[in-house]
Amino acid sequence: MLSERELERYERQLIVPDWGEAGQRRLKEAKVVVAGAGGLGSTSLTYLAVAGVGTLRIVDGDVVELGNLNRQILHTDRNIGRKKVSSARERLQSLNRDIKIEAIDEVITEENVFDLVGEYLIVDALDNLPTRYLLNKVAVEKRLPLFHGAVYGFEGRATTIIPGETACLGCLYEAVAPGKVPVAGVTPGVIGCVQAAEVIKYILGMGELLT
């Protein structure tokens, strides 16, 4: 059962057709890992948190820098120099105190990626292809959905990968140019929202996924 507080908090989404209390309970029971607390991660985490996804695990080993602030909306000037996961957890908990936020200050490697993901749904909010491939490997081997997003300037792309049903990330990319990627701040906002919407649709079993 949802509490009176939850019924009030989520009132407007509970009346979305086919959502209701049953759907909200599914969100409450869901566990999602977001790899990256930067531009894509800031937006996807924000909307997963306010939607009521019960457990959010943030994995990021970086600190907040001034150059992040044009797009990484979970962080502010006062967070410069702090670990991104700490800054993100603080902000997300202020948005929704009724969910669990797990902040893991680690760089994803081949050695730890399976432990970091566990059995959680996977949001790929990273900015480098080799680490994305590690998430893809876990998704394929564990048959976990992977919600992928990427940006370049004003261009963005998003897709939902369902192992055994769709192409995987290795089918989509062969290589990527090295160096810093140009990013207009609005672009990860748009794509991060799409990723969050895909996660919510998947959990609820609603709509058509971007497969």
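Position labels on residues start from 1 in each chain and follow its written sequence. For a predicted model such as this one, the threshold for reporting local features is a pLDDT of at least 70, and the threshold for listing and counting side-chain atom pairs is 80 or more; totals across whole chains, interfaces and linings nevertheless cover every residue. Heavy atoms from the whole structure form the basis of all side-chain values; hydrogens and water molecules are not counted.

*Asks:* Just to check I follow, could you spell out the packing of helix α4 (residues 39–51) against helix α9 (residues 186–204) for this structure?
*Replies:* For any two helices packed against each other, one specifies the crossing angle of their axes together with the interaxial distance. Helix axes are fitted only over the stretch in contact, all axes being lines through C-alpha atoms; the angle between N-to-C directions runs from 0 to 180 degrees. Secondary structure is summarised from DSSP: a helix means a run of H or I of at least four residues, a strand means a run of E of at least two, and numbering begins at the N terminus for each. In the contact formed by α4 and α9, the axes pass within 7 Å of each other and the chain directions differ by 40°. In terms of orientation, α4 lies oblique with respect to α9. Here α4 and α9 pass one another in a crossing that is right-handed. Contact with α4, carried on its side by Gly39, Leu40, Thr43, Ser44, Tyr47, Leu48 and Ala51, involves Pro188, Gly189, Ile191, Gly192, Cys193, Gln195, Ala196, Val199 and Ile200 of α9 and no other residues of that element. Polar here means any residue outside two lists: the nonpolar Ala, Val, Leu, Ile, Met, Phe, Trp, Tyr, Cys and Pro, and the charged Asp, Glu, Lys and Arg; Gly therefore counts as polar. Classifying every residue of the contact of α4 with α9 gives 10 nonpolar, six polar and no charged. Here is the rule for angles: anything less than 35 degrees is roughly parallel, anything more than 145 is roughly antiparallel, 65 through 115 is roughly perpendicular, and the remaining ranges are oblique. By convention the crossing between two helices is left-handed if the near helix lies anticlockwise of the far one by an angle smaller than a right angle, and right-handed if it lies clockwise. Any two residues whose heavy atoms approach within 4.5 Å are treated as being in contact.

*Asks:* Is there a simple way to think about the sheet that holds strand β2 (residues 55–59) in this case?
*Replies:* Hydrogen bonds between backbone atoms are what pair the strands of a sheet, whose relative direction is either parallel or antiparallel. In this description, strands pair whenever DSSP reports at least two bridges between them. The mixed open sheet is built from six strands, whose spatial order is β3-β2-β1-β4-β5-β6. Looking at strand neighbours, the two that pair on one side only are β3 (100–104) and β6 (155–161), the edges of this open sheet. Across this sheet, the average inter-strand angle for adjacent strands is 15°, counted without regard to direction.

*Asks:* Can you walk me through the packing of aromatic side chains in this structure?
*Replies:* Between two aromatic rings, the relevant description is the distance of the centres plus the angle of the planes. What counts as a ring pair is set by centres within 6.5 Å for rings of Phe, Tyr and Trp (its six-membered ring), and what kind of pair is set by the plane angle: stacked under 30 degrees, edge-to-face over 60, tilted for all other angles. For the coordinates displayed, the defined rule picks out one aromatic pair. Each ring, one from Phe147 and one from Tyr202, has its centre 5.9 Å from the other, and the planes form 75°; the classification is edge-to-face. Of the two residues, Phe147 sits in strand β5 (residues 146–152) while Tyr202 sits in helix α9, which places them 55 residues apart along the sequence. Remark: exposure states derive from per-residue accessible area (1.4 Å probe, protein chains only) relative to the maximum for the residue type, with buried under 20%, exposed over 50%, and partly exposed in between. Classification of Tyr202 as partly exposed rests on a relative accessible area of 34%.

*Asks:* How should I be thinking about α9 in this particular structure?
*Replies:* For an α-helix the count is 3.6 residues per turn, leaving residues at separations of three or four pointing the same way. Any helix carries an expected span of 1.5 Å times its number of residues minus one. With 19 residues, α9 should reach 27 Å at 1.5 Å per residue; the first-to-last C-alpha distance of 27 Å fits that figure. By the burial criterion, the buried members of α9 are Thr187, Pro188, Gly189, Ile191, Gly192, Gln195, Ala196, Glu198, Val199, Ile200, Ile203 and Leu204. Check the buried side of α9 and you find it contacts α3 (20–29), β1 (31–35), α4, β4 (121–124), β5 and β6. Two residues or fewer past α9, Gly205 is found with a positive phi of approximately 70°.

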